[in-house]
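# Topology and contacts: notes
Letter by letter, the chains look like this.
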Amino acid sequence: MLPIALTPAPPPPPARITKVGEPCRAHNVLAGRVTLDRRSGAETLVVSDMNETTGAELLLINLADRSGKVVHAPGGSGSWALCETPGDRMIVGTFYDGRMMVFDLNRGVFTASVPFPGETYIWNLAIGKDGRVYGGTYPHGKLGALDLKSLTIEDCGAAAPPNMYLRNVSALPDGRLLCSYISEKNTERIYDPATKAFENVPVSLQGVSIGATWDGWFVAGSSVYDGKTLERVHPIPFPTPPADQGGWAVDAYMTTPEVLWLRQGNRVYRIDRADRTLELIADVPLRGGRLLAGLRSGDIAGVRGQEYFVLKRGATSVDLLPLPGTPGPRPTLFLRADPRGRLWGGPHFGQTLFHYDPATKRTVNTPTVSDSGGEVYDAAFLDGVVYAASYAGGEIIRYDPDAPWDQWNGANPKTIVRLNSRGYIRPTGGILVGPDGLLYSGWMAAYGTYGGAVAITSPSTGETKLIENPLGAQAVSGVGVTADRVLVGSSLGANGLPNQTGAWARFGVLDRTSHAVLHQQEIQGASNIRILALIGGNARAILAIDGRLCAADAPGWQVRLPEYAGAPPLTSGSVASASSDVILYGSGSSLVALNGRTGEWHTVATLPSRISNAALAANGRVYLSCDAALYEVPLSPRWRTFLGMTSIRP
């Protein structure tokens, strides 16, 4: 057992801090509609761009001359929900503050911002027969109705508890609203604005999560429903794509009462209400791109990552154009230093990476690294290559920053494994390179499921072995690897579900070869256990249990509480492992150094705001992310000597 002792020597003065900049920048478009510019008459693509720091904004793209304008919103961090309404207005439903904002299309300004108390997300919008704009929410799964005259929101209630998401609201032909609830027990209900009451859906609509009204019909998936009875219609009253080309489905997001849009693999079809002719518009892979709206010409506007496009009739390729405006600074979800000393991170949502080189002061923000939506949670480095673990496709992405960029063709970056098909989507346990040269990552199960897994991946082939639910049906929130052991921490969290009840988070040790559980310990009262570092020749693991720092020692690996009495709680994400014994981490706005062998800890510096991540670069300097800012903290010779980090050089 490693001894714990306190060293009474006084610490040096607080370390100097320098703001490096705000390197993490990326667009993240979540919704888009096409409208007419009220002055020129040109078709304009209106997309919502998210930013946690500078707030939500609308990007207005003139599709005729490709000019663009950025309009900052008065609230919200972004929007999944855009809906044009009578009176030349665009309603914008926001997150993380749950508002419906009014954008005046004549003046190009926001004129109102109406909160929905208690709700943080408004997912999508539809107009009911009473003329009000309806939206579904998270976290209470409510339906809200915005009155366009009084600009007030009526809380219509939660019709399917305990579901936390009212994810989709679709307008039926008679002006009622089909409401689709997830994730605990997927349910559909119909809301009638006339009676202000919910009712059960007919059997025909059970399981239908989203649809659209076209020419008096309700269309969803590959089915058509009578506009009055909502019974399925046979035969389908319009021409359908050729059966020998596979299945087809309605694109409910693009479809309007006048134009029906159908998708069949890469093929996109259009049917105009007036002539009901099936027209093939394009047959081209979008590689994760999203179609947003049809144009008067029959062309289609869409977005892919940091770019937008107009898909022309007969298109065989996609002409990508940069979104207008410089992306605002974004907080980074993680911070890691590669062996060359560069700092790597990535934004919450946006599926991009950035790296900052302290030697050259140069920052690079990549385009989209994946065809799937979501974000990169963590990264590991091996032989000059970056391996990024990403939500929501459950991907491990291989990226060589020195090779030519070719993400479109899947060459670089390249997804080497995709775990969503195996039931895992969120890499809550991070990713690291084990002593055997394999990649070890920790995962949370897909939406609506409690559970997790450790993935062991070959970086060369992508071949992946899963150790599923190694400590029971709990998400994996931490992974550590020694020569013969895999250390695992778990959490009670889940995608789309409340925290698990009836159990506590666990710490366990597996045999690295057989994957047999050699030790398992449930920590009373704990909801999340992270593995921060291995020290002392991998004989001690430093853990964070809901932010409390403690340790477990080989060979028994029994967690002892409290281990580091008085050490400030961990509140940051990434931590800096500075030597064989010392870690540096954020506790509020304080940079704390902890000697995991002796238990001695000290506050090295105080930052202007809460520290979200810490990393130690090859130049011996600590780098910290606070909100969207990156700070540099040089460790003076006195600090390095005091902390026992004499092998680290500036």
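About the thresholds
- Residues numbered from 1 in each chain as written.
- Predicted model: local features only at pLDDT ≥ 70, side-chain atom pairs only at ≥ 80, totals over all residues.
- Heavy atoms only, no water.
- Helix = DSSP H or I, 4+ residues; strand = E, 2+ residues; numbered from the N terminus.
- Rg over C-alpha atoms; globule rule 2.2 N^0.38 Å.
- Contact = heavy atoms within 4.5 Å.
- Pairing = 2+ DSSP bridges.
- Axes fitted to C-alpha atoms, helices over the stretch in contact; angles between N-to-C directions.
- Buried < 20%, exposed > 50% of the residue type's maximum accessible area, 1.4 Å probe, protein only.
- Phe/Tyr/Trp six-rings, centres within 6.5 Å; stacked < 30°, edge-to-face > 60°.
- Salt bridge = Lys/Arg side-chain N within 4 Å of Asp/Glu carboxyl O.
- Disulfide = S-S within 2.5 Å.
- Core = buried A, V, L, I, M, F, W, Y, C linked by side-chain atoms within 4.5 Å.
- pLDDT = per-residue confidence, 0-100.

A separate point is the overall build of the chain. In terms of regular secondary structure, the chain is built from 1 helix and 56 strands. For the chain, the C-alpha radius of gyration of 27 Å lies close to 26 Å, the compact-globule estimate for 650 residues. Oriented by its inertia axes, the alpha-carbon framework of the chain measures out at about 80 × 50 × 50 Å. Across the chain, every contact between residues at least 6 apart in sequence was considered, and the portion connecting residues at least 24 apart equals 46%.

With respect to topology, 4 strands assemble into an open sheet ordered 14-15-16-17, the strand pairing being antiparallel. The open sheet has two edge strands with one neighbour each: strand 14 (165-171) and strand 17 (197-200). Ignoring strand direction, the axes of neighbouring strands in this sheet form an average angle of 30°. Bridge count between strand 14 and strand 15 (residues 177-182): 6 bridges; the pairing is antiparallel. Looking at strand 15, one finds that Leu-166 is bridged to Tyr-181.

What follows concerns the environment of Leu-321. Position of Leu-321 among the secondary structure elements: in strand 28 (residues 321-322). Look at Leu-321 and you get buried, because its relative accessible area is 16%. A sequence separation of 17 residues divides Leu-321 from Arg-304, and the C-alpha atoms of the two residues are 9.5 Å apart.

Our next topic: the sheet that holds strand 42 (residues 475-481). Here 4 strands make up an open sheet; going across it, the order is 42-43-44-45 and the pairing antiparallel. Both edges of this open sheet fall to strand 42 and strand 45 (517-522), since each of them pairs with a single strand only. This sheet shows a mean twist of 15° between the axes of neighbouring strands, independent of strand direction.

Across 4 bridges, the pairing between strand 25 (residues 290-294) and strand 26 (residues 300-304) is antiparallel. Within strand 26, the residue paired with Arg-290 across the bridge is Val-303. Counted along the chain from strand 25 to the antiparallel partner strand 26, the turn is 5 residues long, and its residue Gly-298 has a positive phi close to 95°.

Quick look at the environment of Thr-366 now. Position of Thr-366 among the secondary structure elements: in the loop between strand 32 (362-365) and strand 33 (375-382). Distance from Thr-366 to Ile-281, taken between C-alpha atoms, is 31 Å for residues 85 residues apart in sequence.

Attention now moves to the packing of aromatic side chains. Applying the stated criterion across every chain, the model contains 19 aromatic pairs. Note on Trp-344 and Phe-381: the rings are 6.2 Å apart at their centroids and 50° apart in plane angle, and the pair reads as tilted. Here Trp-344 is found in strand 30 (residues 343-347), whereas its partner Phe-381 is found in strand 33, with 37 residues between them in sequence. Considering the side-chain rings of Trp-639 and Phe-642, the 5.8 Å spacing of their centres and the 85° angle between planes classify their relative orientation as edge-to-face. Of this pair, Trp-639 and Phe-642 both sit in helix 1 (residues 637-642), 3 residues apart, which is roughly one turn of that helix. Its relative accessible area of 1% is what places Trp-639 among the buried residues.

Turning next to the pattern of salt bridges. Oppositely charged side chains may form a pair once their charged atoms are brought near each other. Inspection of every chain in the model, using the stated rule, returns 36 salt bridges. Notably, a salt bridge pairs Arg-506 with Glu-522, separated by 3.1 Å at the nearest N-O pair. Here Arg-506 is found in strand 44 (residues 506-511), whereas its partner Glu-522 is found in strand 45, with 16 residues between them in sequence. Here the residues in one salt-bridge network are Asp-130, Arg-132, Glu-154 and Lys-196, joined through shared partners.

Our next topic: the state of the cysteines. If you walk through the whole model with that rule in mind, you get 0 disulfides. Residue Cys-83 stays outside any disulfide, its sulfur separated by 15 Å from that of Cys-179, the closest cysteine. Classification of Cys-83 as buried rests on a relative accessible area of 10%.

A few words now on the nonpolar core. Grouped together as the largest cluster of nonpolar side chains are 30 residues, with contacts concentrated most on Leu-45, Leu-58, Leu-63, Phe-103, Phe-110, Tyr-308 and Leu-323. Contributions of two or more residues to this core are made by strand 2 (29-36), strand 3 (43-49), strand 4 (57-62), strand 7 (89-95), strand 8 (99-104), strand 25 and strand 26. Examining the composition of this core, we find that 4 residues originate from one element, strand 4, more than from any other. Beyond its immediate sequence surroundings of up to four residues, Leu-63 is in contact with Glu-43, Leu-45, Leu-295, Ala-301, Tyr-308 and Val-310.

Further remarks concern the side chain of Asn-124. Along the chain, the position of Asn-124 falls in strand 10 (residues 121-127). For Asn-124, a relative accessible area of 14% corresponds to the buried category.

Let us look at the confidence of the model for the chain. Averaged over every residue, the pLDDT of the chain is 95; the share at 70 or more is 98%. Note on residues 1-7: pLDDT is under 50 here. Beyond four places in sequence and across chains, it has 18 contacts.

In this section: the pairing of strand 17. Here 4 bridges tie strand 16 (residues 187-192) to strand 17, and the two strands are oriented antiparallel to one another. Residue pairing for strand 17: Tyr-191 is matched across the bridge by Phe-198. Between strand 16 and strand 17, which pair antiparallel in sequence order, lie 4 residues; one of them, Lys-196, sits at a positive phi of approximately 55°.

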